[in-house]
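Now for the letters of each chain:
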Amino acid sequence: MKKYFLLLFLLTAFAIKAKKATQTSPVFQLRIYEIFESNKKEFHERFRDHAMRIMKKYNFKIISIYESKSDKKTEFVYFLEWPNEATMKKGWEDFRKDQEWIDIKKRYTEKYGDVVGNIEDRVLTKLNYSPN
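This structure is a prediction, so every number in the text was calculated from the model and none was measured.

The rules behind each value
- Residues numbered from 1 in each chain as written.
- Predicted model: local features only at pLDDT ≥ 70, side-chain atom pairs only at ≥ 80, totals over all residues.
- Heavy atoms only, no water.
- Helix = DSSP H or I, 4+ residues; strand = E, 2+ residues; numbered from the N terminus.
- Buried < 20%, exposed > 50% of the residue type's maximum accessible area, 1.4 Å probe, protein only.
- pLDDT = per-residue confidence, 0-100.
- Contact = heavy atoms within 4.5 Å.
- Salt bridge = Lys/Arg side-chain N within 4 Å of Asp/Glu carboxyl O.
- Expected span 1.5 Å × (residues − 1).
- Arc of directions from axis to C-beta.
- Polar contact = N/O pair within 3.5 Å; in protein donor to acceptor, adjacent residues only side chain to side chain.
- Core = buried A, V, L, I, M, F, W, Y, C linked by side-chain atoms within 4.5 Å.
- Pairing = 2+ DSSP bridges.

### Quick word on the environment of Asn39
Then step 1. With respect to the helices, strands and loops of the structure, Asn39 is situated in the loop between strand S1 (27-35) and helix H2 (40-57).
Then step 2. Among the residues examined, Asn39 registers a relative accessible area of 5% and is labelled buried.

### Observations concerning the confidence of the model for the chain
Then step 1. Counting all residues, the mean pLDDT for the chain is 87, and 82% of those residues have values of 70 or more.
Then step 2. Mean pLDDT values over the elements of the chain span from 47, in helix H1 (residues 2-22), up to 98, in H2.
Then step 3. Long-range and interchain partners of residues 1-11, a stretch whose pLDDT sits below 50, account for zero contacts in this model, where long-range means more than four residues apart.
Then step 4. When the criterion is pLDDT under 50, residues 18-23 qualifies, and its contacts beyond four places in sequence or with other chains add up to zero contacts.

### Quick word on the pattern of salt bridges
Then step 1. Enumeration over the complete set of coordinates arrives at 14 salt bridges.
Then step 2. The partner of Lys57 in a salt bridge is Asp98, with the nearest N and O atoms 2.9 Å apart. With Lys57 in helix H2 and Asp98 in the loop between helix H3 (85-97) and helix H4 (99-112), the pair connects residues that are 41 residues apart, well separated along the chain.
Then step 3. When its relative accessible area of 5% is taken as the criterion, Asp98 is described as buried.
Then step 4. Salt-bridge contacts for Lys89 lead to Glu85; the nearest nitrogen and oxygen are separated by 3.9 Å. One end of the pair is Lys89 and the other is Glu85, both in helix H3 and four residues apart, which spans about a single turn.
Then step 5. Each member of the salt-bridge network shares a partner with another, and the members are Glu37, Lys40, Glu67 and Lys69.

### A closer look at H4
Then step 1. With 14 residues, H4 extends 20 Å from end C-alpha to end C-alpha; this agrees with the ideal 20 Å at 1.5 Å per step.
Then step 2. All buried positions along H4 are accounted for by Trp101, Ile104 and Tyr108. One side of H4 carries all its buried residues, which in axial view fall inside an arc of 60°. In H4, the exposed positions that point more than 90 degrees away from the buried face belong to Lys106 and Glu110.
Then step 3. Tucked into the core, H4 has its buried residues touching H2 and H3.
Then step 4. The backbone nitrogen of Glu100 lies 3.0 Å from a side-chain oxygen of the residue at the head of H4, namely Asp98.
Then step 5. Two residues or fewer after H4 comes Gly113, characterised by a positive phi angle close to 80°.

### Some points on the nonpolar core
Buried together is how nonpolar side chains tend to be arranged in soluble globular proteins.
Then step 1. Ranked by size, the top nonpolar core spans 22 residues in total, and within it Tyr33, Phe43, Phe47, Phe60, Tyr78, Trp92 and Phe95 carry the most contacts.
Then step 2. For this core, the elements supplying multiple residues, two or more each, are S1, H2, strand S3 (74-82), H3 and H4.
Then step 3. Per element, the largest residue contribution to this core is five residues, and it comes from H2.

### A few points about the pairing of strand S2 (residues 61-69)
Then step 1. As defined by bridge partners, S2 adjoins S3 across eight bridges and the pair is classed as antiparallel. Opposite Lys61, over in S3, you have Glu81 as the bridge partner.
Then step 2. Taken together, S2 and the strand that follows it, S3, pair antiparallel across an intervening segment of four residues.

See below:
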């Protein structure tokens, strides 16, 4: 009987350890898009009215959105939160293949030219001493 309880204890401990190993902290993503003053209004329209709606289908969790302007360029910046990196990669893959999104990008580019220049993408790992 003691061997049975010992085995049960060890299996339970192993299961708890395995579960903790597969749990991941949220992944945060920083996206920075160069946008152009000549068609900035159209970029915001496309992102607000179309991209965000389609992203929602693929479980994008947009935390906040900003615009930054310097002497040299205007940037559109937003933060996303994902449960893990695999979900993030799958979400982007599905979004980029979405036929509605492909058609919208094509229509906007034909009508307004490129509304996005350089794109920067950064995956951020929150440090354990971060206040939030």
